[in-house]
Amino acid sequence: MKTLVCFGDSITSKEKSKDGSLRLTSRLRQELTEWVVMNAGIPAETTRAALVRLQDDVLRHQPDFVTILFGANDSSDHRLIPLKEYEKNLTYMVNKIGAKKVILISPAPVYEEKQKARTNERMKTYAQTVKKVAKHEGTAYVPLFEILNEMDIKNYVIEDGLHFNKYGYEELSELVLRKINTLTAISFPKKQLSP
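Residues numbered from 1 in each chain as written. Predicted model: local features only at pLDDT ≥ 70, side-chain atom pairs only at ≥ 80, totals over all residues. Heavy atoms only, no water.

Engineer: What's the story with helix H1 (residues 24–31) in this structure? I'm lost.
Structural biologist: Three- or four-residue spacings in an α-helix give side chains the same orientation, since the helix completes a turn every 3.6 residues. Listing the buried residues of H1 in full gives Leu24, Thr25, Ser26, Arg27 and Leu28. In the core, the buried residues of H1 are packed alongside strand E1 (2–8), strand E2 (35–41) and helix H6 (166–184). (Buried < 20%, exposed > 50% of the residue type's maximum accessible area, 1.4 Å probe, protein only. Helix = DSSP H or I, 4+ residues; strand = E, 2+ residues; numbered from the N terminus. Contact = heavy atoms within 4.5 Å.)

Here it is as C-alpha cells:
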C-alpha cells in the first residue's frame with residue numbers, strides 16, 4: 001500500500017469540520033481506497049515549528065507522497081516568518097523528504113473583509129515563494145492561491161475568512177487528487193466543483 005502524509009497547519013488538520021463535513025484527509029481517503037492517508041496537520045503552526053516534528057510526523061512513516069501546505073500562519077501579522085526563512089524551511093522539508101515525493105501547495109487567499117491578521121497582498125508573496133521552491137527543487141505544485149484568487153473566495157471559507165468550508169475542501173482535495181493522478185497515472189473521475 002502507498003502512504004500519503006498530509007503535512008500542514010489548521011487547513012490540513014482534523015478529519016471533519018464543526019458542521020460534520022469532510023476535510024482534506026478524509027476526502028482523500030474516500031478516493032485513495034488502497035492507500036494509507038495520514039493527517040499531520042497542527043493548528044496555528046508555521047514552517048519554523050513544523051521542522052521540529054518533520055522526522056516523527058512525516059519521515060518515520062516512509063511516505064510515498066507528502067503534501068506540504070503552510071503559509072497561512074507564516075504570513076500572519078502575529079507570527080510573520082520572514083519570506084527568506086519560509087523559503088529555506090520549505091526547501092529543507094523538500095530535501096529531507098525527497099523532491100519526487102513532495103506535492104507543494106501554495107497557501108490560499110483570504111476573505112479580507114473577515115480576516116484581520118492576513119492580507120492577500122502578503123499571502124500572494126508567500127504563494128509565489130512556494131511556486132519558486134517547487135520550480136527550483138523540481139517538486140509537484142498545486143497553485144491553490146492562483147486558482148482560488150480567480151474565484152469569489154468568500155464562497156470557500158467560513159466566517160473567519162481563512163479556514164475552508166466544505167466547498168473549499170472539495171476544491172483542495174480535487175486539486176490534490178488531480179496532481180496525484182498525474183504523478184501516478186491513477187485515474188479518478190472528474191468531479192464538478194462547487195459552488
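There is more to say, and it comes next.
Engineer: Explain the pairing of E1 here, please?
Structural biologist: Each regular strand carries side chains that alternate between the two faces of the sheet. Of all seven residues that make up E1, six are buried, and the element is covered over most of its length. Relative to E2, E1 runs parallel, the two sharing seven bridges. Within E2, the residue paired with Val5 across the bridge is Met38. As for the winding sense of the linkage, the β-α-β connection from E1 through H1 to E2 is right-handed. (Pairing = 2+ DSSP bridges. Right-handed = clockwise from strand over helix to strand, strands pointing away.)

Engineer: Help me out: how do you make sense of the pattern of salt bridges in this one?
Structural biologist: Side chains that carry opposite charge are capable of pairing whenever their charged atoms lie near each other. Following the criterion strictly, the structure yields nine salt bridges and no others. Across the pair Arg178 and Glu174 runs a salt bridge, and its minimum N-O distance is 3.4 Å. Highlighted residues: Arg178 and Glu174, both in helix H6, separated by four residues, approximately one helical turn. Judged by relative accessible area, which is 6%, Glu174 ranks as buried. Among the charged side chains, a salt-bridge network with shared partners connects Glu45, Arg53 and Asp57. (Salt bridge = Lys/Arg side-chain N within 4 Å of Asp/Glu carboxyl O.)

Engineer: Explanation requested: the nonpolar core in the structure shown.
Structural biologist: Nonpolar side chains tend toward joint burial in soluble globular proteins. Residues Leu4, Leu28, Leu32, Ile105, Leu144, Phe164 and Leu172 are the most contacted members of the largest nonpolar core, which totals 28 residues. Looking at this core element by element, the count peaks at six residues for H6. When near neighbours in sequence (up to four residues on either side) are disregarded, Leu172 contacts Ile11, Leu24, Leu69, Ile105, Leu144 and Phe164. Listed in part, the 22 residues of the second largest apolar core include Met93, Val94, Val130 and Val133. (Core = buried A, V, L, I, M, F, W, Y, C linked by side-chain atoms within 4.5 Å.)

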